[in-house]
Amino acid sequence: MNVTSRRTARPRRAPARSVGSVRLPAPARVARSAGVAALVGALLAGALAAPAGALLVPGAPVVTGPVTGPVTGPVAGTGAAPSGTVRSTVDGATASAGSAAPATSDEPPTARTTWAVEPATAEGPDGRVSYRLTVDPGGQAVEHVTVTNFSDHPATFDVYASDGVVTADGQFDLLSAGTAPTDGGSWITLGEGEAAGPTQRVEIAAESSVTVPFTVAVPADATPGDHPAGVVAALARAEGDGSTVTFDTRVGARLHLRVAGDLAPALALTDVRATYEPSWNPFAPGAVRVEYTLANEGNVRLGADTQAAVAGLLGWNAREVVAPAQREVLPGQEAGGTVVVDGVWPLGKVSGDLTTTPLVVGDDVVEVTLSPVAATYGAWALPWVQLGSLLVLVGLVLAAVRARRRREARTQARIDAAVAAQAAQRT
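Values in this document were obtained by computation on a predicted structure and should not be read as measured data. (Residues numbered from 1 in each chain as written. Predicted model: local features only at pLDDT ≥ 70, side-chain atom pairs only at ≥ 80, totals over all residues. Heavy atoms only, no water.)

(A) Layout of the environment of Leu 294. Summarising the element assignment, Leu 294 is placed in strand E16 (residues 286-296). Using a relative accessible area of 0% as the deciding quantity, one classes Leu 294 as buried. Beyond its immediate chain neighbours, meaning those up to four positions away, Leu 294 contacts Leu 267, Ala 268, Leu 269, Ala 304, Gln 326, Val 329, Gln 333, Glu 334, Ala 335 and Thr 356. (Helix = DSSP H or I, 4+ residues; strand = E, 2+ residues; numbered from the N terminus. Buried < 20%, exposed > 50% of the residue type's maximum accessible area, 1.4 Å probe, protein only. Contact = heavy atoms within 4.5 Å.)

(B) Local environment of the packing of aromatic side chains. By the definition in use, this model includes two aromatic pairs. Ring centres of Trp 115 and Phe 157 lie 5.3 Å apart, and the angle between their planes is 50 degrees; on these two criteria the pair is classed as tilted. Highlighted residues: Trp 115 in strand E3 (residues 112-121) and Phe 157 in strand E7 (residues 155-166), separated in sequence by 42 residues. The ring centre of Phe 172 lies 3.7 Å from the NZ or CZ of Arg 254, which sits over that ring. (Phe/Tyr/Trp six-rings, centres within 6.5 Å; stacked < 30°, edge-to-face > 60°. Lys NZ or Arg CZ within 6 Å of the ring centre and 35° of its normal.)

(C) Quick look at the nonpolar core. Counting 31 residues, the largest nonpolar core has Val 145, Val 147, Phe 157, Val 159, Phe 214, Val 216 and Leu 255 as the members making the most contacts within it. The dominant element in this core, judged by the number of residues it contributes, is strand E14 (residues 250-259), at five residues. Look past the residues within four positions of Leu 255 in its chain and what remains in contact with it is Tyr 131, Leu 133, Ile 188, Val 216, Pro 228, Ala 229 and Gly 230. (Core = buried A, V, L, I, M, F, W, Y, C linked by side-chain atoms within 4.5 Å.)

(D) Highlighting the pairing of strand E13 (residues 229-235). By the criterion of burial, E13 is predominantly enclosed, with seven of the seven residues buried. Here E13 shows a buried face lined by Ala 229, Val 231, Ala 233 and Leu 235 and a second buried face lined by Gly 230, Val 232 and Ala 234. Bridge count for E7 against E13 is seven bridges, and the pairing is antiparallel. Residue Ser 162 lies in a different strand from E13, and its bridge partner there is Gly 230. Across six bridges, the pairing between E13 and E14 is antiparallel. (Pairing = 2+ DSSP bridges.)

(E) Representation of the environment of Val 340 in the model. Considering the arrangement of structural elements, one finds Val 340 in strand E20 (residues 334-344). Sequence-wise, Val 340 and Val 322 are 18 residues apart; in three dimensions their C-alpha atoms are separated by 9.1 Å. Residues within four places of Val 340 in sequence aside, it is in contact with Ala 287, Val 288, Arg 289 and Val 321.

(F) How the structure looks around empty space enclosed by the protein. Inspection of the entire model under this criterion finds one cavity of 30 Å³ or more. Its volume calculated, the largest cavity comes out at about 60 Å³. Forming the boundary of the largest cavity are Val 310, Ala 311, Gly 312, Trp 316, Asn 317, Val 344, Trp 345, Leu 347, Gly 348 and Val 350. Among the secondary structure elements, those contributing two or more residues to the lining of the largest cavity are strand E17 (302-311) and strand E21 (348-359). Tallied by class, the residues present in the lining of the largest cavity amount to seven nonpolar, three polar and no charged. (1 Å grid on protein atoms, 1.4 Å probe; cavity = no way out; pocket = protein on both sides within 12 Å on 5 of 7 lines; lining within 4 Å. Points joined across faces, edges and corners; volume = space filled by probe spheres on them. Nonpolar A, V, L, I, M, F, W, Y, C, P; charged D, E, K, R; others polar.)

(G) Spotlight on the pairing of strand E22 (residues 373-381). Alternating residues of E22 divide into Val 373, Ala 375, Tyr 377, Ala 379 and Ala 381, all buried, and Ala 374, Thr 376, Gly 378 and Trp 380, none buried. Two elements, E21 and E22, share nine bridges in a ladder whose sense is antiparallel. Residue pairing for E22: Gly 348 is matched across the bridge by Ala 381.

(H) Representation of a positive patch on the surface within the structure. Side chains of Arg 402, Arg 406, Arg 407, Arg 410 and Arg 414 sit close together on the surface and give a patch of like positive charge. Considering the arrangement of structural elements, one finds Arg 414 in helix H2 (residues 384-426). (Patch = residues over 30% accessible without salt bridge, like charges linked within 9 Å, V, L, I, M, F, W, Y side chains within 5 Å. Areas by Shrake-Rupley, 256 points an atom, 1.4 Å probe, with all protein chains shown as cover. Salt bridge = Lys/Arg side-chain N within 4 Å of Asp/Glu carboxyl O. Lys, Arg positive; Asp, Glu negative; His and termini not counted. Charge placed at Lys NZ, Arg CZ, Asp CG, Glu CD.)

(I) Fine view of the sheet that holds E20. Here we have three strands laid out as an open sheet, ordered E15-E16-E20, and antiparallel in their pairing. The open sheet terminates on both sides in strands that have one partner only, identified here as strand E15 (267-277) and E20. For this sheet the average axis-to-axis angle between neighbouring strands, irrespective of direction, equals 20 degrees. Where E15 lies against E16, nine bridges are found, and the strand directions are antiparallel. Counted as the bridge partner of Ala 268 is Ala 295 from E16. (Axes fitted to C-alpha atoms, helices over the stretch in contact; angles between N-to-C directions.)

In structure tokens, the structure reads:
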């Protein structure tokens, strides 16, 4: 009996595929990518929309509400508005300049307070943008300042005077409220009679104004020249307020106060330093950076134009550059400056001159000859970048030569081995 074996073909199973390996159709993949992109965009938009400094620390107080107007900044009233009116608008808590103690308004946190300070006469604002007085030593002058409350609710303000300063960015400002004036600001008394003093607190009804007189009493031993000052109004803090975060907001009018006498304008260049800044491109020249301090050693405020000249050995590659102008330097104060002279090749020591020409500021009258001042400087311009590039180039050439010699030696060794092997076979 013949038995024929037959092999039955089994059905082939499709290989199992994991769920994670399922590939979505192209439209589904596009939709998923778009959804992820939208989510990321929403997160970034939320981060960018958050206000600066919105990071909350547990237990830290939070201050809300926009603040417009000068905030810990220059005192306005020096020509910002044609009418001489300078306004400030504040939502929420405010304080006098530089105050470390808590200070808020007497109004609810949601109240919006807008106020202005204007030079005035006893009858009211007179259109001036600042005060300009010339007083003899031992003399006095009486002026007035008007504070206007444009808000729809009453507000209380502290009106006071202080010494003038110029900030690092060239803006006029006053000393902070916590710093006592020692010059022109200390000669000002606000108010009249027994209520007169260095500060006056005034309560102003909604959409109303109050005019406060003040007296400038120049000491008999005051030195001639300019003694800048100003009168400001700051939103008063409420009595017993225990808040720990404040906005420093104040507006005011500048007082150009000059004591009569001989004027002696004088500027000096001090602390002049020069450094060479090479270019990272070995085929491009570098620059000489000159930093200096401009000191007003006279008794009148002055502006300044400064020019820097630089040259290499034997006067080669001479160049001149005009530095940014100094708008105002007050007597007894200093201002820093920087000028960069480009196009200087590193060929040894470079030297130059820094020349400053004093300028009369604004409507000031200085009937004295203004003499330029000069200072010299020098710096070593050494070709470190070029030398470094040359060393790198020499290193690359030596490495290439050495690699070539190694390749030639290996090739010659193989040739010698082949010749020796062939000679051995022949023998």
